[in-house]
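# Results of the structural survey
For reference, the chains in residue letters:
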Amino acid sequence: MTEPDMATGATTRRATGNLPVELTSFVGRRQELTEARRLLCAGRLLTLTGVGGVGKTRLALRLAAETARSFPDGSWLADLAPLAAGELLGETVAQAIGCPRNDLEGLREHLRGRRTLLVLDNCEHLLPECAALVGELLAAGPGVRILATSRQPLHVAGESVLEVPPLTVPGAPGAVPAAPGAAPEALETAPDGLPGPALAPVAGPASGAAPEPASGTRSGAASGAASGGPGVVAAGAGTDGEAGPGAGLGPAPEVLSEAVSLFADRVTAVVPDFTVDAGNSVAVTRLCRRLDGIPLAIELAAVRMRVLSVEQILDRLNDRFRLLTQGSRVAIPRQRTLRALVDWSYDLCTPRERALWRELSVFSGGWDLEAAQRVCAPDEIAGAAVSDVLTELVDKSIVLRREQDPALAGLPPGEHGYGARYDMLETLRQYGEERLAESGRRTALRLRHRDWCRELAERAEAEWFGEHQMRWLARLRLEQANVRAALEFCLSEPGQAWAALEIGAAMWSHRLSWTSPSEGHHWLERALAAETAPGSARAKALWVDAWLVLLRGDAAAARPLLEECRALSERLGDEADLAGAVHITGFAALLAGAFPRAFTLLEEALERRRALGHRGHAWVTLLQLAMAAVFMNAPRSSALCEEVLETARRERAEWSVSYGLWIVALDRWRLGDAPAAAAMMRDAIRVKVRCHDHLGLAQCLEGLAWILAGEGARPRAAELLGAAHMVWRSIGTSLSGLGHLAGLHDRCEQLLRRGLGDEGFTAGFLRGSELTLDAAAAYALEDGLLLDAGDAEQEPGVAAVLTRREREIAELVARGLSNRQIAETLVIAQRTAENHVENVLRKLGFTSRAQIVRAWNTRQAG
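Residues numbered from 1 in each chain as written. Predicted model: local features only at pLDDT ≥ 70, side-chain atom pairs only at ≥ 80, totals over all residues. Heavy atoms only, no water.

Moving on, we get to the overall build of the protein chain. A count of helices and strands for the protein chain gives 36 helices and seven strands. Here the protein chain holds 862 residues, and 57% of them are scored as buried. Accessible surface for the protein chain amounts to roughly 33,700 Å². Of this, 53% is attributable to carbon and sulfur atoms. (Helix = DSSP H or I, 4+ residues; strand = E, 2+ residues; numbered from the N terminus. Buried < 20%, exposed > 50% of the residue type's maximum accessible area, 1.4 Å probe, protein only. Areas by Shrake-Rupley, 256 points an atom, 1.4 Å probe, with all protein chains shown as cover.)

Turning our eyes to something else, we now look at the packing of helix α25 (residues 615-631) against helix α27 (residues 654-670). Packing of α25 against α27 leaves a shortest axis separation of 10 Å and a crossing angle of 15°. Considering their axes alone, α25 and α27 lie roughly parallel with respect to each other. Crossing of α25 over α27 shows left-handed handedness. Mapping the contact onto sequence places Trp619, Leu623, Ala626, Met627, Val630 and Phe631 in α25 and Ser656, Tyr659, Trp662, Ile663, Leu666, Asp667 and Arg670 in α27. In terms of residue class, the contact of α25 with α27 is built from ten nonpolar, one polar and two charged. (Axes fitted to C-alpha atoms, helices over the stretch in contact; angles between N-to-C directions. Parallel < 35°, antiparallel > 145°, perpendicular 65-115°, else oblique. Left-handed = near helix turned anticlockwise from the far one by under 90°. Contact = heavy atoms within 4.5 Å. Nonpolar A, V, L, I, M, F, W, Y, C, P; charged D, E, K, R; others polar.)

For the rest of this paragraph, the subject is the environment of Val687. Residue position: Val687 is located in helix α28 (residues 674-690). Sequence separation between Val687 and Ser658 is 29 residues, and the spatial gap between their C-alpha atoms is 6.2 Å. The contacts of Val687, once residues within four sequence positions are left out, are Glu654, Trp655 and Ser658.

In this model helix α24 (residues 595-612) runs 25 Å from its N-terminal to its C-terminal C-alpha over 18 residues, within 8% of the 26 Å that 1.5 Å per residue would give. Along α24, the residues that are buried comprise Phe595, Ala598, Phe599, Leu601, Leu602, Ala605, Leu606 and Arg609. Contacts from the buried residues of α24 go to α21 (536-551), α23 (575-591), α25, α26 (637-651) and α31 (739-769). Just past α24, the residue Gly613 takes up positive phi, approximately 75°. (Expected span 1.5 Å × (residues − 1).)

Two elements in contact, helix α6 (residues 258-270) and helix α8 (residues 295-303), have axes separated by 8 Å at closest approach and are oriented at 35°. Between α6 and α8 lies a crossing whose hand is right-handed. When α6 is examined against α8, the residues Ala259, Leu262, Phe263, Arg266, Val267 and Val270 are found in contact with a partner set consisting of Pro295, Ile298, Glu299, Ala301 and Ala302. Looking at the contact of α6 with α8 residue by residue, the classes come out as nine nonpolar, no polar and two charged.

Phe263, Leu360, Trp367, Ile663 and Leu701 are the most contacted members of the largest nonpolar core, which has 210 residues in total. Beyond its immediate stretch of four places on either side in the chain, Ile663 contacts Leu623, Ala626, Met627, Val630, Cys641 and Val644. Among the nonpolar cores identified, the runner-up in size contains 29 residues, and Ala96, Leu126, Leu127 and Ile146 belong to it. (Core = buried A, V, L, I, M, F, W, Y, C linked by side-chain atoms within 4.5 Å.)

Glancing now at the packing of aromatic side chains. Summed over the entire model, instances satisfying the criterion amount to 16 aromatic pairs. Judged by centre distance (6.2 Å) and plane angle (75°), the ring pair of Trp508 and Trp547 falls under edge-to-face. Placement of the pair is Trp508 in the loop between α19 (497-506) and α20 (517-530) and Trp547 in helix α21, with a sequence separation of 39 residues. We note that Trp508, like Trp547, is buried. Taken together, Trp464, Phe465, Trp508, Trp543, Trp547, Trp619, Trp655 and Tyr659 form an aromatic cluster joined through their ring pairs. Here the guanidinium or amino end of Arg609 rests over the ring plane of Trp543, the centre of that ring lying 5.2 Å away. (Phe/Tyr/Trp six-rings, centres within 6.5 Å; stacked < 30°, edge-to-face > 60°. Lys NZ or Arg CZ within 6 Å of the ring centre and 35° of its normal.)

Okay, structure coming up:
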């Protein structure tokens, strides 16, 4: 190679550098490329970090190619992977950039005065040597920029670090993640998203069952999947890959995610006629999700499509390290199989880091520092040192650190969340679990993890009724996967089912920690079958399980549980669980519509609960007693309702306050004060949304519908009944089994059918049933008329639930602009525009841009 012609300014072949030609298409990474380009422009050293196989090298090479014109003296790649030691580092870099001398001074002299980009790939095993060399090379002149890839930062002055995440993967609304060690998809197979057998559909209005709501949300926008890739069918796609105004004819929007697009692209190389379509998109999405969106793992799985179907690959993923073994022969050895890649990361860790990696694998869904210190204190690591080793694993991209958003946790504005939380990609967690099993310590760590979960559940039960109620709800939602993992261990490990009884029963006070009452029942039913010893743990689990099945509307299943609980409690002389049996028997009578009997039993249970000093239990019993009083028009109803609300407010238990608002609202409505009742019902809904209380939300939507129906707002009431029906179905509960509500529901429906006619009522009911949860809550909280998500004849007021910026976005979507064009018009980032479009779809309950177009055009025409 020759030097550039400085006299003429001509650039010879030397200036082109040595970047390799791309052999496969580049998919996604639009946001990361934009941010990396900005950082490289603002500084002179950028390090791309991330877990092995996440695509750091590919991103670095694409960035170098795209910025090549900014470096007239060339963009050069130095691959450091083959180096076993740092002694040959200088020589390797010199050879890569064409420097005749391989000593440090020679490299500096060669680079002095040049505008060049040096890509140092795979620095993680030579960190001290690379850091020293980079510092010297940057000192050679201001025109030198360095782009490094490493599993941890170089820690050099002036370094910018960009963590490369896995590719975006569609989310799984309602799915229950399988616990570690469980059978594949053990908790994901029921079509209603709940564990255990599928639930029978709940009957809709007289004209037939309402359709299932269409989900308008997904995890991970399709940021840059180049038209979805050659194997993706995307009817109506816009020019830059997102759905255009004609969307809705092809597969679901999640098919255009980066991970799915990469899989489709790579599969077409081995199976040319393969496409991702409506028939296989669910399986492909699950495959990419279970592979954590890691490009290397996805590409290795794509190769298997020569002989296996997507479903067959999914069935074999529990042994992913044996399955994903046929990589490219031209790749470096550690990138030819998934195991070799992770082995490399493991070998780069110190003994203490390896030990903690292994022990952290018992967690599922993440952990915080306190949990790590409680569970993971192996012989090599003192508890106080866990923090230091955990930091080292974060630095090496083995562990991911995430800050918790208080709003997402359901905490009120101004309150702090639980701080930093940590997690591992499932691929790395499974590897750690294999290593833990090899060490012979798996059972010991699982027992420690179980004990931590048991203590957590016990603390939550003891402290739930008070000022920390919302924090406990948020905390247990965060630990949902860990509790599931502990329960699965207890139910699969001989002699441990007693602990599953204790954990499952303690969660009664936080039923929101389950996806639905059906999930809580799923665990307790298994635990009761496995642990039959007649002790107090069984007695408690019996009344808790009876309560959960009653919330599902299954009174027949609750009856034998309560009978056994009462007999066992009396035999044991267990006053606490006898109170539980009386309480839930009274609740069963309430649901059956036997209000006088319910009132008598609940009054007895309240006395028992108060005598035992069980504040939380007593408040729940008081609430149900007030419900019985309201539904039977008892003289004491108003006083009881006010006591429910005032007690919850005095304890500063916000979730409980929402139930107090609900029952007082019903009492005010009973007394004829509809405006006050509707206002209180909406206040309750605001809390239900924050704490993800779907059962409570359904009750509030029902109650608001009853109130509005009597005030002449009949179309709106019909739509709210439909929205409530959608929520009941989503949690696997049948309103027919909730007699205390079913009677008022039926009266409301009859009133609406008389006022609207059967056809008008059914149309409104179906419109409401097609909403998402968020859209249903938003609709209940505003005063405009609901829009039919699939009808071109929209009512005015479509913009009522949108912010000013979201209305601007909807206007531009209606004009046919793509996300990229919207971003350019409003001078915002494309990802910001994508997020705004997602919010508009979610708030309006829509699933495609075409629906926005129709709604907005009709609004303007009106």
